[in-house]
Amino acid sequence: MNTEALHDCRDTFVATLEWLAEQDNSIVAVCNDSVGSSKLGGFKKKWPERLINVGIAEQNMVGVGAGLANGGKIPFVCAASSFLTGRALEQIKADIAYSKTNVKLCGISSGMAYGALGATHHSIEDFAWTRVLPELVVIAPADPVETKGAVEFAAQHEGGVFLRLSRVGVPDIFDTDHEFKVGKADTIREGDDVTIIANGTLTHRALEAATLLANHGLETRVLNMATVSPLDTDAIIAAARETGAIVTCEEHSVRGGLGGAIAEIVVQHQPVPMTILGVPGIFAPTGSANFLLDEFGMSPEGICKSARELVNKKGK
Amino acid sequence: VNKYSGLKLPLDIGELPEVARQIRLLDLDTVYNAGAGHIGGEMSAIDILTTLYFHTLNIDPKQPQAPERDRFVLSKGHTACALYVTLAMRGYFPVQELNTFLKPHSALNGHPNRVKVPGIETNTGPLGHGLPVAVGMALAAKLSGSPWRVFVLCGDGELQEGSNWEAAMSATQFKLDNLILIVDHNRLQQGASLKETIDMAPIAEKFVSFGWSASNINGHNFNDLAETLATDAIVPDQPRCIVANTSKGQGISFMKDRVEWHHKVPNREQYEQARSELTQSAA
């Protein structure tokens, strides 16, 4: 990995948001004293009245977002993902999803981006908490191009969206002409021996794992599944049928996240062996996100090892 | 037959008591027929709802999504039946639809749903949600330079939810003088009095200390209600809290100020007595 070419997707997020806000003055940003961590300083400078800082009050923040949407605004509600989803989950359920309001929830520094700050600040439960809610689109983009596409989608979609964003550096994966399609997985590498499904900060690791697997004679299909809800069930069923084994990896607990969502489809439609990689049902220890991902078997080598072991279980 | 939906509005204050009496009768019928509801808190809120919908609010039932409409949020969502009756009487949907209250697949479930019922602004039920959403609505009006106002009705026990105080702080910071919170201060929550639980009194003083303007009124006096809800009562740059002193079960002698009538359903004898009292109270 060329670390010089790594991107903090928050930069693309705010650049896209500001570009959209220039076209449409109904777009507003709402935050919880997180102007800096959400990188909203530029937005505030351009449109001070359209940057609504509710202070350290996440329940009010999400409710205010719902009210702004009722009044015809398109609010992007930005906060550290752990507090946005954990603290304000009932508001997300009642005021956004159930009320079908046009609010864009932006979970910044999701996963273990705040690795060293400890498990209070890790947001490795947010897929589980959000994907069970009807009427809420859940997206975790993998690189700057996909982040841009996801933010543009969120702005034009009439309804609730949870954008799960990271600050952990990722390389470019998609060409600039890549079109983001909500609810559709991208096959970013073809193969028929095993499938790796990932999103967010794990997608580039999955691709590197596929390269390692090729050295072991295994042709690996890699699916980037940015949209966790609604899920691309066709791509999952096809992967199960055509490759016979699926490894999932995510910067999330192994309970209830991307892997859990995929397993719900696989077990009902096309049962095949699966390995779900993630944080193994514990509060993660201190360490950077990349350190922790390696620690939990999600280095390219770790994913490769899991995939090889899984392939041995195929058809047994 | 809905004789109110065609009336020229706003009604004069003197006409409001009769409308409120009709809403109470229909609320009683609806709860009795459904075999469930929150009748005590509905009776305490009905005079407030009547004043809002038949005198104060700038709304048009034929255009429930008109961008410049005033917004009303029933934060104490468990008293949805009273709101449904009020909306039906105001012409948002046929009064006959109240017969479906709580029935399978009815749009009229136990808490208001904006997707299913015209005139509902946001789904409530869990307490402490209305005021934050109303702050967002009031902010939207300010950002757009629009004159519409936002009214929220919450319970006094509901103020125990901390989200209200997050919202109260922000309403002051954002100078939302287009926001009016009405507290249905009937002094009783689900299981006991507030005094025996977590007492919120004195409520007006709490809001004043948060930077709001606030006043205490008799929540069953239509002159008081109409006056304090009027645009004249706006204090520039300050959100406004109206502590409406009310009685749970107002209008029905054996329910009045009795905690057990939070969600008790009258039996046939009680229903008939309540109906008789409400009928006899006609002016």
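The structure we're discussing is the one just above.
What you are looking at is a predicted structure, and each value in this text was computed from that prediction instead of being measured.

Student: I keep staring at the overall build of chain B and nothing clicks. Help me out?
Tutor: From N to C terminus, chain B includes 8 helices and 5 strands. From first element to last, N terminus to C terminus, chain B shows the α and β order α-α-β-α-α-β-α-β-α-β-α-β-α. Taking 19 Å as the expected radius of gyration for a compact globule of 283 residues, we find that chain B reaches 18 Å, a close match to that expectation. The C-alpha extent of chain B, read off along each of the three principal axes, is 50 × 45 × 40 Å. Counting only contacts in chain B whose residues sit at least 6 apart along the sequence, the fraction spanning at least 24 positions is 76%. The positive charge centre, built from 25 side chains, and the negative charge centre, built from 30, are 3 Å apart in chain B.

Student: What am I meant to see in unusual backbone geometry here?
Tutor: In most cases, non-glycine residues show a negative phi, while peptide bonds are predominantly trans. Residues and elements named next belong to chain A. A cis geometry characterises the amide bond from S229 onward to P230, with omega recorded as 0°. Secondary-structure assignment places P230 in the loop between β10 (227-229) and α9 (233-243). Of note in the backbone geometry, K100 takes a positive phi value of approximately 50° without being a glycine. In this structure, K100 sits in the loop between α5 (89-98) and β4 (104-108).

Student: How should I be thinking about the packing of aromatic side chains in this particular structure?
Tutor: What characterises a pair of aromatic rings is the spacing of the ring centres plus the angle enclosed by the ring planes. Summed over all chains, the structure comprises 9 aromatic pairs over all chains. Taking the centre distance of 6.0 Å and the plane angle of 55° together, the rings of A:F153 and A:F180 count as tilted. You can see A:F153 sitting in helix α7 (residues 144-156) and its partner A:F180 sitting in the loop between β6 (160-164) and β7 (186-189), a full 27 residues away along the chain. According to the relative accessible area criterion, A:F153 is buried, its value standing at 11%. Classification of A:F180 by relative accessible area gives buried; the value is 14%. Ring geometry for B:W165 against B:F210: centres 5.0 Å apart, planes inclined by 55°, an arrangement best described as tilted.

Each value, and the rule that gives it
- Residues numbered from 1 in each chain as written.
- Chains lettered and ligands numbered in written order.
- Predicted model: local features only at pLDDT ≥ 70, side-chain atom pairs only at ≥ 80, totals over all residues.
- Heavy atoms only, no water.
- Helix = DSSP H or I, 4+ residues; strand = E, 2+ residues; numbered from the N terminus.
- Rg over C-alpha atoms; globule rule 2.2 N^0.38 Å.
- Contact = heavy atoms within 4.5 Å.
- Lys, Arg positive; Asp, Glu negative; His and termini not counted.
- Charge placed at Lys NZ, Arg CZ, Asp CG, Glu CD.
- Phe/Tyr/Trp six-rings, centres within 6.5 Å; stacked < 30°, edge-to-face > 60°.
- Buried < 20%, exposed > 50% of the residue type's maximum accessible area, 1.4 Å probe, protein only.

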